[in-house]
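Residues per chain are reported as follows:
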Amino acid sequence: MASLTALAEDALKQAKLLDAYVAAQGRPNTSFNGDTLTNLPPDLVEAREALVNSTQTLKRLALGPVGVLTEIMWAFSDEISLGAINDFSLADCVPLDGSATLAQIAAKSGLSERLVERFMRHAMGNHIFTENPPGQVRHTASSRLLATDPYLKDTIAMMVKEIWHPSTRVIDAVRQFHDSDEPTEAPFTLVNEPGVGMFEFLTKHPERARKFGGAMKWYGSFESWDLKHLVNGYSWDLIDRPGALFVDVGGGQGAVPKALGPATRDLKFVVQDMESTVADGERLLPEELKGRVEFMRHDFFTEQPVRGADVYFLRWILHDWSDKYAIRILKALVPAMRDGSKVVLFEWLLKDGPETDWTEKYPRNVDLAMLAQFNSNERTATAFKNVFHQADPRFQVVDIKKPRGSAMAIIEVVWRSGVGD
Ligand SMILES: C[S@@+](CC[C@H](N)C(=O)[O-])C[C@H]1O[C@@H](n2cnc3c(N)ncnc32)[C@H](O)[C@@H]1O
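Residues numbered from 1 in each chain as written. Predicted model: local features only at pLDDT ≥ 70, side-chain atom pairs only at ≥ 80, totals over all residues. Heavy atoms only, no water.

1. A few points about helix H3 (residues 76-87)
Link 1 in the chain: Along its twelve residues, H3 runs 16 Å from first to last C-alpha, staying within 8% of the 16 Å computed at 1.5 Å per residue.
Link 2 in the chain: Those residues of H3 that are buried lie in contact with helix H5 (113-124), helix H6 (141-148) and helix H7 (150-167).
Link 3 in the chain: With its phi angle positive at about 50 degrees, Ser89 sits one or two positions after the end of H3. (Helix = DSSP H or I, 4+ residues; strand = E, 2+ residues; numbered from the N terminus. Expected span 1.5 Å × (residues − 1). Contact = heavy atoms within 4.5 Å.)

2. Topic: the pattern of salt bridges
Link 1 in the chain: On inspection of all chains with the given rule, the structure shows 25 salt bridges.
Link 2 in the chain: Between Glu46 and Arg404 there is a salt bridge, with its nearest N and O atoms 2.7 Å apart. Here Arg404 lies in the loop between strand S8 (395-401) and strand S9 (409-415) and Glu46 lies in helix H2 (residues 42-73), a separation of 358 residues in the sequence.
Link 3 in the chain: By relative accessible area, which is 38% here, Glu46 ends up partly exposed.
Link 4 in the chain: We classify Arg404 as exposed; its relative accessible area is 53%. (Salt bridge = Lys/Arg side-chain N within 4 Å of Asp/Glu carboxyl O. Buried < 20%, exposed > 50% of the residue type's maximum accessible area, 1.4 Å probe, protein only.)

3. Some remarks on the domain arrangement of the protein chain
Link 1 in the chain: Partitioning the protein chain into structural domains gives domain 1 (4-73), domain 2 (80-148), domain 3 (151-220) and domain 4 (223-415).
Link 2 in the chain: The straight-line distance from the C-alpha centre of domain 1 to that of domain 2 is 26 Å. (Domains from an automatic or database assignment.)

4. Thoughts on the site of the ligand
Link 1 in the chain: The environment of the ligand is formed by 14 residues, the closest being Gly250, Asp273, Asp299, Phe300 and Arg315.
Link 2 in the chain: Arg315 is positioned such that a nitrogen or oxygen atom in its side chain is 2.5 Å from an oxygen atom of the ligand.
Link 3 in the chain: For the ligand, whose accessible area on its own is 590 Å², the fraction buried by protein is 86%. (Near = heavy atom within 4 Å. Polar contact = N/O pair within 3.5 Å; in protein donor to acceptor, adjacent residues only side chain to side chain. Areas by Shrake-Rupley, 256 points an atom, 1.4 Å probe, with all protein chains shown as cover.)

5. Some points on the sheet that holds S8
Link 1 in the chain: The sheet built from seven strands is open, its strands ordered S5-S4-S3-S6-S7-S9-S8 with mixed pairing. In the strand order of this sheet, the two ends are held by strand S5 (293-297) and S8, each with one partner. With direction set aside, neighbouring strand axes in the sheet form an average angle of 20 degrees.
Link 2 in the chain: Strand contacts of helix H14 (residues 275-284): strand S4 (268-273) and S5, with the helix running at about 160 degrees to S5, the strand carrying the most contacts. (Pairing = 2+ DSSP bridges. Axes fitted to C-alpha atoms, helices over the stretch in contact; angles between N-to-C directions.)

6. Quick notes on the packing of aromatic side chains
Link 1 in the chain: Tallied over the entire structure, the rule returns 23 aromatic pairs.
Link 2 in the chain: Here the aromatic rings of Phe188 and Phe201 are separated by 5.5 Å at their centres, their planes lie at 80 degrees, and the arrangement is edge-to-face. Placement of Phe188 in helix H9 (residues 187-191) and of Phe201 in helix H10 (residues 198-203) is noted, with a sequence separation of 13 residues between them. Assigned by exposure class, Phe188 and Phe201 land together as buried.
Link 3 in the chain: Pairing Trp225 with Trp348 gives two aromatic rings, centres 5.1 Å apart and planes at 80 degrees, and the pair type is edge-to-face. Residue Trp225 is located in the loop between helix H11 (206-220) and helix H12 (228-232), and its partner Trp348 is located in the loop between strand S7 (342-347) and helix H16 (362-374); the two are separated by 123 residues in the primary sequence. Like Trp225, the residue Trp348 is buried in the burial classification.
Link 4 in the chain: Three or more aromatic residues joined by ring pairs form one cluster here, namely Trp218, Tyr219, Phe222, Trp225, Trp316, Trp348 and Tyr362.
Link 5 in the chain: Note that Arg315 overlies the ring of Trp316, its terminal NZ or CZ placed 4.0 Å from the centroid. (Phe/Tyr/Trp six-rings, centres within 6.5 Å; stacked < 30°, edge-to-face > 60°. Lys NZ or Arg CZ within 6 Å of the ring centre and 35° of its normal.)

7. Describing a nonpolar patch on the surface
Link 1 in the chain: Among the surface-exposed residues, Leu69, Met73, Trp74, Phe76 and Ile80 lie close enough to one another that they form a single nonpolar patch of about 540 Å² accessible area.
Link 2 in the chain: Elements with a minimum of two residues in the nonpolar patch: H2 and H3.
Link 3 in the chain: As for its placement among the helices and strands, Phe76 is situated in helix H3.
Link 4 in the chain: On the accessibility criterion, Phe76 (37% relative accessible area) is partly exposed. (Patch = residues over 30% accessible without salt bridge, like charges linked within 9 Å, V, L, I, M, F, W, Y side chains within 5 Å.)

See the structure below:
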C-alpha cells in the first residue's frame with residue numbers, strides 16, 4: 001500500500017492537470033457551485049478518475065478501520081435526506097439564484113420547519129444546498145439539479161422505491177428463500193407484492209413504471225453510459241451491407257437503433273419487447289428511421305421468430321435474470337441461429353476479483369441492486385462464458401472488451417454450427 005504522502009502526491013498530480021485544463025478553458029475554479037469538469041477529453045476523464053480513486057483510498061486510510069466501518073453503517077442517512085428532499089420537492093422551494101429561509105421553505109413545502117431543517121442541514125453536509133449567510137438557504141450545483149432536472153427527480157424516486165427499499169430486505173429474503181433464482185422471491189417482492197416480480201409489478205403501477213423509464217433516460221445521459229461507446233467500439237462496418245439484420249431483443253423503445261441507425265447505411269433493425277413498450281417505441285421513432293426499424297411484440301422466453309439475422313443484440317437483458325433464466329433466453333435464440341450469426345451483449349462486466357478502486361466499484365453496486373430487485377446478478381467474463389456454454393456449446397464467446405471510457409462491455413459471441421459434431 002502506498003504511503004499517505006504518496007497517495008496525496010498522486011492526487012495532487014491529477015488535481016494540477018484538471019485545474020490547468022479548467023483554467024485554460026476559462027472556466028471558474030472547481031467548486032460546489034458549478035460543474036466545471038464537464039466535456040473533458042479522455043485523458044482528463046482518466047485523471048479525474050485517478051483523483052477520485054486516490055482521494056477515496058486516502059480518506060479511508062485516514063478514517064482508519066473503525067472509521068471505514070462506521071461510515072458504511074451510517075450511509076443510510078444520506079438516502080433519508082436525499083430521498084425526503086426529492087419526495088417533498090424541497091429544492092423547488094429555494095429560488096434558483098436567490099435564497100430562502102427554513103420557515104419560507106417549510107411554508108411552501110407544507111413540511112414542518114423542524115423537518116425541513118433536519119433534512120436540509122443533513123444534506124448540506126453532502127454539499128447539497130448551502131447556508132450563506134446563516135439562515136439563508138441557497139442552491140449548490142447538486143441541489144440546483146434537483147430543482148431543474150425532471151429525469152434526476154424520477155431517478156432518485158426510482159432508486160428509493162425500487163432499489164433502496166428492497167435492499168433493506170435482502171437479508172430477510174436470503175433467510176427465507178436462500179440463494180433463490182426466482183424474481184418472484186426477490187427482496188423487492190417483500191416490500192411490494194409477495195410473489196410478484198418487479199417487471200410484472202410495474203405494469204400494474206404505471207406512475208412507478210414511468211419514473212423507471214425517466215431514470216433510464218437520466219443514467220443514459222452519463223458520458224460513460226453513452227451509446228457512442230457501442231457505436232464506435234465495434235466494427236459494425238463488417239456487418240453493414242444490404243440485407244443485414246440486427247435484432248434488438250428486449251430492446252425497449254429502440255434506443256440502440258436510434259444510435260446505431262445513423263452510424264450505419266444498410267443495417268435494418270427489428271426491436272422486440274412487450275406490447276406496450278413496442279407501441280411506445282413505434283410512436284416515438286424518428287421519421288428518418290422509418291423503413292429501417294421495425295417493432296415487434298415478442299416474449300424473449302419463447303422461440304425467436306426472426307431467423308438467420310446477422311446480430312441478436314441484448315443490452316441490460318441478461319443482468320435482469322439469474323443464470324437459470326438467462327440460459328432460457330439464450331436457448332430461445334438457438335433455432336434462429338445460422339452459422340456465423342452473432343449474439344452481441346452490451347452489459348456490465350465484473351472483474352474476476354475485488355474492485356478496490358472506487359471508480360471500478362459501480363458494477364458491484366449494480367450487482368447487489370440486481371439481487372434486491374430480481375434475484376439476478378452481474379457477471380464476470382467467466383460467468384458469461386458459462387451461461388452461453390450451458391445454453392448451447394455452439395455459442396462461442398470470441399471477444400469481451402470494454403471500450404475506453406465506457407461503463408459497459410461489448411461481449412461478442414458467434415454461432416458455430418459445427419461445434420460438438
Ligand atoms: C433494462 S430494460 C433494457 C431495455 C433495452 N435493451 C435498452 O438497453 O434500453 C429491460 C427490457 O426487457 C423487457 N422485457 C422484460 N421481460 C421481457 C420479456 N419476457 N420479453 C421481452 N421483453 C421483456 C422490458 O420491457 C424492458 O424493455
